[in-house]
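# Structure assessment
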Amino acid sequence: MLGMVGTLVILVGSSIYDIFKKRIPLQILLVGGVWAVICLVISVVTSGVDALYSGLCGLLPGAGLLLLGYLTDHKVGYGDGILLMIIGLLEGAQKVFLIFCAGLFLQSLLAVILLIMKKADKQTQIPFVPFLFLARIILLFA
C-alpha cells in the first residue's frame, strides 16, 4: 500500500514537470529514492526475503532504460530510467514490468495517432512519465 501511494505521488509530480519542462527534477528523484528504500526495508521486515528479491528485480526495467539512454546518446532520458527504478523498488518486479509495458503501449498509441494526423514527425519528443502515470492508474482499477 505504501509503495502504491508513493508511486502515485511521485508520478503525479514527475508528470507535471515532464510535460511542461521535459525533465524530472532531482529533488523528486531523491525523495522518491529515499521513500523507495524505506518501503523496501519495511516490506523485507514484514514479508521476508521474497520482497527484497522482487524489489531488486524491479530495478531491471529502469536499468535497461538507463542503458538505452547511454547507448542512444540521451534520446531516452536518464530521469525516466531512474524513476522506473524507483517504481520497481516500490511496486516490485511484476508490477513495474506491467506499468512499463502499458506505458510504452499508451505512448506508442499516441505517437501513431499524432503521425496519422500529421501533428508530429519522427523527431517529435513525447514525455514518457505521464504515460507511466496513466498506466499505473489503469492497473489500479484493472
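Here's a quick rundown of the structure.

## As for the pattern of salt bridges
For the coordinates displayed, the defined rule picks out 1 salt bridge. Among the salt bridges present, the one from Arg136 reaches Glu91, with a minimum N-O distance of 3.2 Å. Of the two residues, Arg136 sits in helix H7 (residues 129–141) while Glu91 sits in helix H5 (residues 78–91), which places them 45 residues apart along the sequence.

## Section: helix H2 (residues 26–47)
In this model H2 runs 31 Å from its N-terminal to its C-terminal C-alpha over 22 residues, within 8% of the 32 Å that 1.5 Å per residue would give. Within H2, burial applies to Ile28, Leu29, Gly32, Gly33, Ala36, Cys39 and Leu40. Mapping the buried residues of H2 onto a view down its axis gives an arc of 135°, with all of them on the same face. Along H2, exposed side chains directed more than 90 degrees from the buried face belong to Gln27, Leu30, Val31, Val34 and Val45. Looking at the packing, one finds that the buried side of H2 touches helix H1 (2–21), helix H3 (49–57) and H5. Of the residues flanking the end of H2, it is Gly48, one or two places downstream, whose phi is positive at about 105°.

## Overview of the nonpolar core
Nonpolar side chains in soluble globular proteins tend to be buried together. Counting residues in each nonpolar core, the largest one holds 26 residues, and the members touching the most others are Leu83, Leu84, Ile87 and Leu132. Residue assignment for this core shows that the elements contributing at least two residues are H1, H2, H5, helix H6 (93–116) and H7. Among the elements that line this core, the one with the most residues is H5, at 6 residues. Dropping the residues within four chain positions of it, Ile87 is found in contact with Thr7, Leu11, Gly92, Val96, Ile99 and Leu132.

Conventions we followed
- Residues numbered from 1 in each chain as written.
- Predicted model: local features only at pLDDT ≥ 70, side-chain atom pairs only at ≥ 80, totals over all residues.
- Heavy atoms only, no water.
- Salt bridge = Lys/Arg side-chain N within 4 Å of Asp/Glu carboxyl O.
- Helix = DSSP H or I, 4+ residues; strand = E, 2+ residues; numbered from the N terminus.
- Expected span 1.5 Å × (residues − 1).
- Buried < 20%, exposed > 50% of the residue type's maximum accessible area, 1.4 Å probe, protein only.
- Arc of directions from axis to C-beta.
- Contact = heavy atoms within 4.5 Å.
- Core = buried A, V, L, I, M, F, W, Y, C linked by side-chain atoms within 4.5 Å.

Interpretation note: all reported values are geometric properties and have no functional meaning in isolation.
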